[in-house]
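Chain and residue survey
So you can see what is in the structure, the chains are spelled out below.
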Amino acid sequence: MDKFKQYDIAFGGLSLGKHQFDFDIDNKFFDQFENAVVNNGNLHATIELDKQSQLLTFDFVINGSIKVECDRCCDEFDLPIAIQEQMLVKYGEKAHEEDLDVFVIPSTETHLNIAQQLYEYIAVAKPMH
C-alpha cells in the first residue's frame with residue numbers, strides 16, 4: 001500500500017489520549033482504487049484518535065462532495081457528503097477483521113493505514129441508483 005502512504009497514522013510514539021489527523025481526499029485518491037464506485041470528489045477528513053493502552057478508537061468525520069450522475073437527466077452534479085463513523089482497533093496476536101468496524105492488529109504494529117476505510121465510508125455514503 002505504498003501508494004497510500006500519506007494515509008498512514010503513526011500511533012506508536014503517541015502518548016495516551018486524543019490526537020487529531022487531517023486528510024484531503026480528491027480525484028488522485030479515487031484513481032488508486034480499481035473498479036471504484038466513486039471516481040471524482042473533493043472531501044476533507046478529520047480523524048480523532050483516542051489512544052488507550054489496549055484499544056485505539058478512530059472517529060472519522062468526512063465532509064465535502066462527490067460527483068454523481070442524476071437518475072433522471074443523466075447529468076453529473078456535486079452531491080454533498082457528511083459522514084461520521086467510528087472504528088475500533090484492538091491488539092492481538094495476528095491481524096484480522098473481528099467485526100465490520102472492529103479490527104485486530106499485532107501489538108508490535110506502530111502505524112495504521114486508513115485509506116481503505118476512508119474509501120469504504122465514502123463509497124457507502126453514495127446513494128444507489
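First, a word on scope: everything that follows refers to the structure included in this document. Note that residues are indexed from 1 along each chain, following the sequence as it is written. Totals for whole chains, interfaces and linings use every residue, but because this is a predicted model, local features are given only for residues with pLDDT of at least 70 and side-chain atom pairs only at 80 or more, for both listing and counting. To get the side-chain values, take all heavy atoms of the structure and skip hydrogens and water.

Our next topic: the sheet that holds strand E7 (residues 102-106). Strand-to-strand pairing in sheets goes through backbone hydrogen bonds, with the strands running parallel or antiparallel. If you trace the 6 strands from one edge of the open sheet to the other, you get E2-E3-E4-E5-E7-E6, paired in mixed fashion. Looking along the sheet, the strands with just one partner apiece sit at the ends: strand E2 (17-25) and strand E6 (96-99). Across this sheet, the average inter-strand angle for adjacent strands is 25 degrees, counted without regard to direction. As paired elements, strand E3 (residues 41-51) and strand E4 (residues 55-69) share 11 bridges and run antiparallel to each other. Paired with Asp 50 across the strands is Thr 57, a residue of E4. Packed onto the sheet, helix H2 (residues 115-125) meets E2, E3, E4, strand E5 (76-92) and E7 and runs at close to 135 degrees relative to E5. Being paired, for any two strands, means DSSP has found at least two bridges between them. The helix count covers DSSP runs of H or I at least four residues long, the strand count covers runs of E at least two residues long, and both are numbered beginning at the N terminus. Between the N-to-C directions of two axes lies an angle of 0 to 180 degrees, each axis being a line fitted to C-alpha atoms and, for a helix, fitted only over the stretch in contact. Between two residues, a contact is recorded if the distance between any of their heavy atoms is within 4.5 Å.

Another point: the nonpolar core. Across soluble globular proteins, nonpolar side chains have a tendency to be buried as a group. Of all hydrophobic cores here, the largest spans 37 residues; its most connected members are Phe 29, Ile 47, Phe 58, Met 87, Ile 114, Leu 118 and Ile 122. Taken together, the elements giving at least two residues each to this core come down to E2, helix H1 (27-31), E3, E4, E5, E7 and H2. Sequence-distant contacts of Phe 29, that is, excluding residues within four places in its chain, are made with Phe 4, Tyr 7, Ala 115, Leu 118 and Tyr 119. Throughout this description, the term nonpolar core refers to a set of buried Ala, Val, Leu, Ile, Met, Phe, Trp, Tyr and Cys residues connected via side-chain atoms within 4.5 Å. Throughout, exposure labels follow a simple rule: accessible area from a 1.4 Å probe, protein chains only, divided by the maximum for the residue type, with under 20% read as buried, over 50% as exposed, and the rest as partly exposed.

Under the pairing criterion, centres of Phe, Tyr and Trp rings, with the six-membered ring standing for Trp, must be within 6.5 Å; the plane angle then separates stacked pairs below 30 degrees from edge-to-face pairs above 60, leaving the rest tilted. Tallied over the entire structure, the rule returns 10 aromatic pairs. Ring geometry for Phe 29 against Phe 33: centres 5.3 Å apart, planes inclined by 65 degrees, an arrangement best described as edge-to-face. Taking the relative accessible area as the measure of exposure, Phe 33 reaches 14% and is therefore buried. The interplanar angle of 20 degrees and the centroid separation of 4.3 Å between the aromatic rings of Phe 33 and Tyr 119 together place this pair among those described as stacked. One end of the pair, Phe 33, is in the loop between H1 and E3; the other, Tyr 119, is in helix H2, with 86 residues separating them in the sequence. As far as the burial class goes, Phe 33 and Tyr 119 line up, both buried. Each residue in the set Phe 4, Tyr 7, Phe 23, Phe 29, Phe 30, Phe 33 and Tyr 119 is aromatic and connected to the rest through ring pairs, giving one cluster.

Moving on to the pattern of salt bridges. For salt bridges, the criterion is a side-chain nitrogen of Lys or Arg within 4 Å of an Asp or Glu carboxyl oxygen. Overall, the coordinates contain 4 salt bridges when judged by the stated rule. In this structure, the salt-bridge partner of Glu 48 is Lys 18, at a minimum N-O distance of 3.7 Å. Here Lys 18 lies in strand E2 and Glu 48 lies in strand E3, a separation of 30 residues in the sequence. Taking the relative accessible area as the measure of exposure, Glu 48 reaches 29% and is therefore partly exposed. With a relative accessible area of 57%, Lys 18 lands in the exposed category. One salt bridge connects Lys 67 with Asp 78, and the closest N-O pair in it is separated by 3.2 Å.

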